[in-house]
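Notes for the structure review
One letter stands for each residue in the lines below.
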Amino acid sequence: MLYLNQVEKVYSNGSNRIEALQEISLKISPHTFLAIQGKSGSGKTTLLNILGCLDRPGSGAYQIDGEDTSLKSDNGLAALRNKKFGFVFQSFNLMPRFNALENVIIPFLYSSNPPGRPKEAAQQMLEKVGLGDRTKHLPGELSGGQQQRVAIARALVNNPDVILADEPTGALDNQTSQEILDILAELNSEGKTVIIVTHEKDIAKQCPYVLTLSDGRAIDLKQPGNGNLSNGEVAVL
Amino acid sequence: MKKSLLFRSTLKHLGANSLTTLFMCVGIMIGVAVLVAVIALGRGTEARILDRIDRVGVTDSFTIRTVPWGLGGGGLRDDHGELLLSFDEVNSLPDQIPGIATVLPTLNARSPVLAGSETLDDIAVQGVALNFQQVRNLNLYSGAFFSEADIQSGSHIAVIGPALANYFFPGENPLGKLIQVEGLQLEVIGVLDTRGISNSGRNADQIVLVPHDVFVELFQPLGLSTVTVTVEDPANLEKLAAQTQSYFEELYPGHQIFVRYPMATARARDEVANTLSFYLKIIAGSSLLIGGTVMMNLTNLSISGRIREIGLRKALGARNKDISGQVLVETAMVSMIAGIAGILLGYLLTNELAVRLDLRSIFSWHAPVAGLFFALLIGLVFGVRPAKRAAKLDPVLALRGSQQK
Ligand SMILES: Nc1ncnc2c1ncn2[C@@H]1O[C@H](COP(=O)(O)OP(=O)(O)OP(=O)(O)O)[C@@H](O)[C@H]1O
Ligand SMILES: [Mg+2]
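What you see is a predicted model; the values in this text were computed from it and never measured.

1. Side note on the packing of helix α3 (residues 100-109) of chain A against helix α4 (residues 118-128) of chain A
Residues and elements named next belong to chain A. Two numbers describe how α3 lies on α4: the axes approach to 9 Å, and their chain directions differ by 115°. Judged by the twist between their axes, the crossing of α3 over α4 is right-handed. Touching Ala100, Leu101, Val104, Ile105 and Phe108 of α3 are Pro118, Lys119, Ala121, Ala122, Gln123, Met125 and Leu126, all from α4. Split by residue class, the contact of α3 with α4 holds 10 nonpolar, 1 polar and 1 charged.

2. Considering the domain arrangement of chain B
Looking at chain B, the domain boundaries give domain 1 (3-53 + 268-399) and domain 2 (60-261). Between domain 1 of chain B and domain 2 of chain B, the C-alpha centre-to-centre distance is 55 Å.

3. Comments concerning the pairing of strand β3 (residues 118-128) of chain B
All names here are of chain B. Taken together, the 8 bridges between strand β2 (residues 100-115) and β3 define a ladder with antiparallel strand orientation. When the bridges of β3 are listed, Ala109 appears paired with Val125. Taken together, β2 and the strand that follows it, β3, pair antiparallel across an intervening segment of 2 residues, in which Gly116 is found at a positive phi of about 60°. Looking at chain direction, β3 and strand β8 (residues 207-211) are connected through 5 bridges and run parallel. Looking at the pairing, Ala124 lines up with Ile207 of β8.

4. Examining the pattern of salt bridges
If you walk through the whole model with that rule in mind, you get 21 salt bridges over all chains. Put simply, Asp55 of chain A and Lys9 of chain A hold a salt bridge, and the shortest N to O gap is 3.2 Å. One end of the pair, Asp55 of chain A, is in the loop between α1 (44-51) and β4 (59-64); the other, Lys9 of chain A, is in strand β1 (residues 2-13), and 46 residues separate them in sequence. The salt bridge partner of Arg306 of chain B is Glu330 of chain B, with a shortest N-O separation of 3.1 Å. A residue pair is termed long-range when its members are at least 10 positions apart, and Arg306 of chain B in the loop between α11 (271-304) and α12 (307-315) and Glu330 of chain B in helix α13 (residues 320-357) qualify at 24 residues. When sorted by exposure, Arg306 of chain B lands in the same class as Glu330 of chain B, which is buried. Each of the salt bridges in this network shares a partner with another, and the network as a whole consists of Asp65, Lys84 and Asp161 of chain A.

5. Some points on the interface of chain B and chain A
Contacts between the two partners involve 26 residues from chain B and, on the opposite side, 27 residues from chain A. Of the roughly 2500 Å² buried between chain B and chain A, counting both surfaces, carbon and sulfur atoms make up 63%. The interface formed by chain B and chain A includes 2 salt bridges. Counting across the interface, chain B meets chain A through 6 residue pairs in polar contact (both at pLDDT 80 or more). At the level of elements, α1 (2-16), α12, α13 and α15 (395-399) of chain B are the ones that each hand at least two residues to the side of chain B that touches chain A. Examining the composition of the side of chain B that touches chain A, we find that 7 residues originate from one element, α1 of chain B, more than from any other.

6. Observations regarding unusual backbone geometry
All names here are of chain A. Backbone geometry places Phe92, a non-glycine residue, at a positive phi of 65°. Within the fold, Phe92 resides in the loop between β6 (85-89) and α3. If you check the backbone angles, Glu167 has positive phi at about 50° while not being a glycine. Following the sequence through the fold, Glu167 ends up in the loop between β7 (162-166) and α6 (174-189).

Cut-offs used in this document
- Residues numbered from 1 in each chain as written.
- Chains lettered and ligands numbered in written order.
- Predicted model: local features only at pLDDT ≥ 70, side-chain atom pairs only at ≥ 80, totals over all residues.
- Heavy atoms only, no water.
- Axes fitted to C-alpha atoms, helices over the stretch in contact; angles between N-to-C directions.
- Helix = DSSP H or I, 4+ residues; strand = E, 2+ residues; numbered from the N terminus.
- Left-handed = near helix turned anticlockwise from the far one by under 90°.
- Contact = heavy atoms within 4.5 Å.
- Nonpolar A, V, L, I, M, F, W, Y, C, P; charged D, E, K, R; others polar.
- Domains from an automatic or database assignment.
- Pairing = 2+ DSSP bridges.
- Salt bridge = Lys/Arg side-chain N within 4 Å of Asp/Glu carboxyl O.
- Buried < 20%, exposed > 50% of the residue type's maximum accessible area, 1.4 Å probe, protein only.
- Buried area = accessible area lost by both parts, 1.4 Å probe.
- Polar contact = N/O pair within 3.5 Å; in protein donor to acceptor, adjacent residues only side chain to side chain.

Okay, structure coming up:
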């Protein structure tokens, strides 16, 4: 359970005050599939970063499974990012000089208990996203869709509870976007919480929950489509 | 797994940016090379000094002369016609200056030496006392040194250097053979071990030693040319040498007395090596510092180019110390590569200097160990700032690729 209570994030450079997030109170239960949408600059990435413990709320509280994140040290948050969350980015963010398998292994480097056979675990993840035959390829030798799948395998490799994806299909064509969304939906059906930021209406309307941000505020929560896809629940409080 | 991936990824990164890596290495490499040269040449010089001290004899003795070394022998008269360094004055020295054990008056001359039909010009002839062999630490190749009886009897005998023995009596036993100096026949009773080139640059193996009285008979000298003085405690050598010098200079106002002791001359002869070592140390130190600074700045630059990567690693769970550790592994690896290259370069440099400047060098484990140690030290010390900077990067900003202070 992810629980945000009156979370705010304000940036001020000089006299300029930018309220990136205001009064966000949100409950996201396990196994939820949530899409976050909103105009550019509305605070989507900021919210996702706070949810993934990359950033701390300016004020308000964020609890993960009942634990207050403000009590955690930076190293404690790093451990949470390693174990509890898996990140997927719009620009894939793969290491260009590492092949697919090595990219997937990276989270093990920072894990407190990596598997005994890291290469095999990474290989399994690549097979799961349909890239079992591309393990030795460098990112530059893979298509955009394939690179994003490597990134998803990397996000999954430590078996996190929550997948956080910031516009994961933003750099892909429609058909490839759909393939990536299908993978995420499948992960959700296997029990993962999936939270994606998206601009695309086509993507959003397939998601069980869609939260809309505007000027840093949560202004709307909808359940457009297949509510049956998700066991979880989202509530704007 | 973690470590090998870290090392391999660092090597990959360094290899992919080989030009930057090369620039990072240059300064440290030169510094280590010069450091290796300093150590190898320093040890060579030290060994050469010890060798020389070994060769010139015990180090509890010093030598005084009335004329500088290299300027003939013979005694000097003062303005009133009195002899300087007379036998009596010299022999009373142990009573005048406490701490002096023995005096070894030596008479020097240079003269042609004949044997059979062969002649050698300008050979050093020394008139020596009984204790000469012991004080000068001389070994005999064959035969014997003068005995007390030999000296008492005034027999015409000589001990010769090996170079003379080889020249005059090749393939023969020189013992019992006759040589001729100043018209007098001398019987060879001993041959010295080889000593090579002496401090003053003369061939110490081309020498004829005769008993004191025989020398007087040959050359009728005016006074002593050289006196070797031994002291009771070698620790006082320099002090007693200075005392003796001023003692005689007070005795003969207006005359200069020259004093020399093996360590002093042996060290002075290595002025070149000492000066070189001084400048090499400065070059080594500044190269290492400059190399370290260059490496630090290039590492900072390469971190700026990898801000997204660092943000990503943090998102994947890297702690600050994982990031700083990665940077330090990188700088340590660069500096070790530079260190190894520097050691190889240092060997070449040392050999070049040794040949060109006629110095001795000794390679041992010291130089490479010190080279690697200093390289690693520089790598770690100058890696700290970039490492801290990388670790402090805010992951949110880093993932957006934004440059931070
Ligand atoms: N480090 C920062 N300093 C100042 N302002 C910031 C900073 N980070 C974000 N902002 C501002 O906060 C607001 C929200 O940014 P955020 O990146 O969350 O928007 P977003 O909804 O993800 O936009 P986009 O769809 O363009 O990615 C924006 O106005 C942005 O300019
Ligand atoms: Mg964004």
